[in-house]
Amino acid sequence: MPEKLNRRSIVKSLGIAATGIAGTAAFGGTASAFTDGEQVEATTRLNTRKRPGTESSVVATVNAGEVGEIVNGPTDEDGYRWWGIHWLNRDVWGWSVERYLTSAGGGSAGTDIVWPMDGIISSDYGQRSSGFHGGVDVDNNVTGVGTPIYAARAGTAYTAYDSGGYGNYVYIVHENGYETEYGHLNSFAVSDGQRVSRGDHIGGMGNSGNSTGPHLHFGIERNNSPKPIPSDNYQTVSALGAIQKDYSGL
Ligand SMILES: [Zn+2]
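Keep in mind that what you see is a predicted model, and the values were worked out from it rather than measured.

Caption draft 1: Summary view of the nonpolar core. Membership of the largest hydrophobic core comes to 28 residues, with the highest contact counts inside it found for Y182, I202 and F218. Mapped onto this core, the elements with two or more residues apiece are β11 (136-139), β14 (167-173), β15 (178-183), β18 (201-205) and β19 (216-222). Per-element accounting of this core gives the leading share, three residues, to β19. Residues contacting F218, with those up to four places away along its chain left out, are I113, V114, W115, P116, G135, V136, A152, T180, E181, Y182, I229 and I243. By size, the runner-up hydrophobic cluster in this structure holds ten residues, among which are V40, V62, I85 and W87.

Caption draft 2: Here's a closer look at the sheet that holds β18. Ordered by their spatial adjacency, three strands build an open sheet running β12-β18-β16, and the pairing between neighbours is antiparallel. Both edges of this open sheet fall to β12 (148-150) and β16 (185-188), since each of them pairs with a single strand only. Within this sheet the neighbouring strands show an average axis-to-axis angle of 35 degrees, counted without direction. As paired elements, β16 and β18 share three bridges and run antiparallel to each other.

Caption draft 3: Examining the packing of aromatic side chains more closely. For the structure shown, the criterion picks out nine aromatic pairs. Judged by centre distance (6.2 Å) and plane angle (75 degrees), the ring pair of Y80 and W82 falls under edge-to-face. Given the relative accessible area of 2%, W82 is considered buried. Residues Y158 and Y171 carry aromatic rings whose centres are separated by 5.3 Å and whose planes lie at 25 degrees to one another, so their mutual orientation is stacked. Placement of Y158 in strand β13 (residues 155-162) and of Y171 in strand β14 is noted, with a sequence separation of 13 residues between them. Judged by its relative accessible area of 27%, Y158 is partly exposed.

Quick notes on the rules
- Residues numbered from 1 in each chain as written.
- Predicted model: local features only at pLDDT ≥ 70, side-chain atom pairs only at ≥ 80, totals over all residues.
- Heavy atoms only, no water.
- Core = buried A, V, L, I, M, F, W, Y, C linked by side-chain atoms within 4.5 Å.
- Buried < 20%, exposed > 50% of the residue type's maximum accessible area, 1.4 Å probe, protein only.
- Helix = DSSP H or I, 4+ residues; strand = E, 2+ residues; numbered from the N terminus.
- Contact = heavy atoms within 4.5 Å.
- Pairing = 2+ DSSP bridges.
- Axes fitted to C-alpha atoms, helices over the stretch in contact; angles between N-to-C directions.
- Phe/Tyr/Trp six-rings, centres within 6.5 Å; stacked < 30°, edge-to-face > 60°.

Take a look at the structure:
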C-alpha cells in the first residue's frame, strides 16, 4: 500500500504548485464544511478532477457512497467550492465539488468498525490450541440466545449457512475491501443482499454450526484475509462501542 502522503507531496502529486492558488483557504482558517483528514462520502456519481474547476480533466468518476479523505482545500473556482480528496478505495487523488459531498465521520455512514454485541470476550483473536482463530468470540449468558447483534459498519449484508463451521451466519461487505462476519446465529434480522447501516439489527446470538455453546463469532477481513481485532479474554464489550483500531483502509 502507498504511504500516507503529507500535504506537500499530495499537492505535488496533483500537479499544483505548493504556493499561490488564487482563492485557496488554508486549513485552520475560517469555518469550513470539512477538515483536513476528515472522511467524506460522495452523495451521487461524482467527477473528481486534476485541479479545482470545471475545465480541469477528470481523473475518476466515483460512485455514490464512495469514501475519501480530505487532503486539501477548500478553494472556490467556477462558482463551486472544491476539496482535494484522496479516494481511498481506488487510491486516486482529485478535486470534487462540496455540494455533492457529505461527512462520513459519524452516524451510519461512518467507517469505524464497532463491537456488534453486548457481552464478554470468550476467545480472542489469534492462535489457540485448536488452531488459528481469525476473529473473536463474544458471549452473553445474561441475555442468552437471541441477544441482538448489530452491523459493525455500513455495507451490504448477506445470509448464509455452513453446518460444519459458522452455522447460520451473516457477512457484510463494506468499502475498501473490508468484510465483517457474524457466526453461529440463532436468527437472521436481514435478508440476503440487504443494505445496512452501522448499528442495524442483523440477527440474534445462537449456537448453530460448529459451536460449543451460544456465542457470536465476529471476524473482520480485508481482501479475504483476517484482520486482527484488539481484545483480551474476559474483556467486556458494548454493542456499538469503538474497537481501538483504525480500519480505514490505509
Ligand atoms: Zn470464533
